[in-house]
Amino acid sequence: MTRIVVVTSGKGGVGKTTTSASFSSGLAMRGHKTVVIDFDVGLRNLDLIMGCERRVVYDFVNVIQGDATLNQALIRDKQLENLYILPASQTRDKDALTMEGVEKVLNDLKGMGFEYIVCDSPAGIETGALMASFFADDAIVVTNPEVSSVRDSDRILGILSSKSHRAIHSSEPIKEFLLLTRYSPKRVLDGEMLSLSDVEDILRIKLIGVIPESENVLQASNQGVPAIHLRDTDVSQAYQDVVARYLGEERPLRFVDYEKPGLFKRLFGGK
């Protein structure tokens, strides 16, 4: 049975697209046929992070408006044969998305045998974000450990619980998961950002993972490679943990405690 997962947040720049790329890649690595859809019509960044921007011929809006078929618009990932990308349009307005059109595309993707449909939502509560989350079964709410980001995420939780297809039809509620990104235990210790427990106390949804603050995320984006592919990095390991937990496995939390640098590092530097 297909699960539709929306990756969402109230605030921009918190790592939604990075998460969508790594999460969908992680599902595909586990052998699940997965498609990731870019709902950010007019901006379009997912194809850059997935490294397929030069292969975009048709997009999500083309499919909705009947200018192309899904088979024409879907881009097969170069690294994972069971992962596909449906890019957003860079030239259309967000109003090009319609509820009927989105529903038809999602149903067609289900008919093509996809086990997971990951929806990369734009930030905020405008049309694209509402469309991305409306048909979701599960939601990964991405937030940074700062007050404004957490407050905006709380607003998104309100929308998920009141304006989704499941809420309107009084079905089982969307399963909500919290993903904390750009977390620095050292900065938490110094009082520069909210702690993990602070964020959990405010949002009160199940924690699915913590992604450490890392230069590897920028490196991955610039290379057009999802961060989960950067072997032996903390970010890759953290995203692998997220996927494992989503699939029902138990994994201990990592990268949440500050490790004081040893004498060697303090004398000779290094990170």
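Residues numbered from 1 in each chain as written. Predicted model: local features only at pLDDT ≥ 70, side-chain atom pairs only at ≥ 80, totals over all residues. Heavy atoms only, no water.

Per an unreviewed UniProt entry, the chain goes by Septum site-determining protein MinD and derives from Mesopusillimonas faecipullorum. Comment text from UniProt for the chain, heading Function (unreviewed entry), reads "ATPase required for the correct placement of the division site. Cell division inhibitors MinC and MinD act in concert to form an inhibitor capable of blocking formation of the polar Z ring septums. Rapidly oscillates between the poles of the cell to destabilize FtsZ filaments that have formed before they mature into polar Z rings." (UniProt positions renumbered as here; feature names shortened; annotations may be inferred.)

Sorry if this is basic, but what is going on with the overall build of the chain here?
When its secondary structure is counted, the chain shows 13 helices and eight strands. For 271 residues, the compact-globule formula gives about 18 Å, and the C-alpha radius of gyration of the chain, at 18 Å, lands near that figure. Taken over the C-alpha atoms alone, the chain extends approximately 65 × 40 × 35 Å along its principal axes. Taking all 271 residues of the chain together, 55% fall into the buried category. A fraction of 74% describes how many contacts in the chain between residues 6 or more apart in sequence connect residues 24 or more apart. Accessible surface computed for the chain: about 12900 Å², of which carbon and sulfur atoms make up 47%. In the chain, the 32 positive side-chain charges and the 37 negative ones have mean positions that sit 3 Å from each other. (Helix = DSSP H or I, 4+ residues; strand = E, 2+ residues; numbered from the N terminus. Rg over C-alpha atoms; globule rule 2.2 N^0.38 Å. Buried < 20%, exposed > 50% of the residue type's maximum accessible area, 1.4 Å probe, protein only. Contact = heavy atoms within 4.5 Å. Areas by Shrake-Rupley, 256 points an atom, 1.4 Å probe, with all protein chains shown as cover. Lys, Arg positive; Asp, Glu negative; His and termini not counted. Charge placed at Lys NZ, Arg CZ, Asp CG, Glu CD.)

Just to check I follow, could you spell out unusual backbone geometry for this structure?
Only a minority of non-glycine residues have a phi that is not negative, and only a minority of peptide bonds are not trans. Despite not being glycine, Ser170 shows a phi value in the positive range, around 50 degrees. Here Ser170 shows up in the loop between α8 (165–168) and β7 (175–183). Owing to a relative accessible area of 66%, Ser170 belongs among the exposed residues under this scheme. For Asp232, which is not glycine, the phi dihedral falls at a positive 65 degrees.

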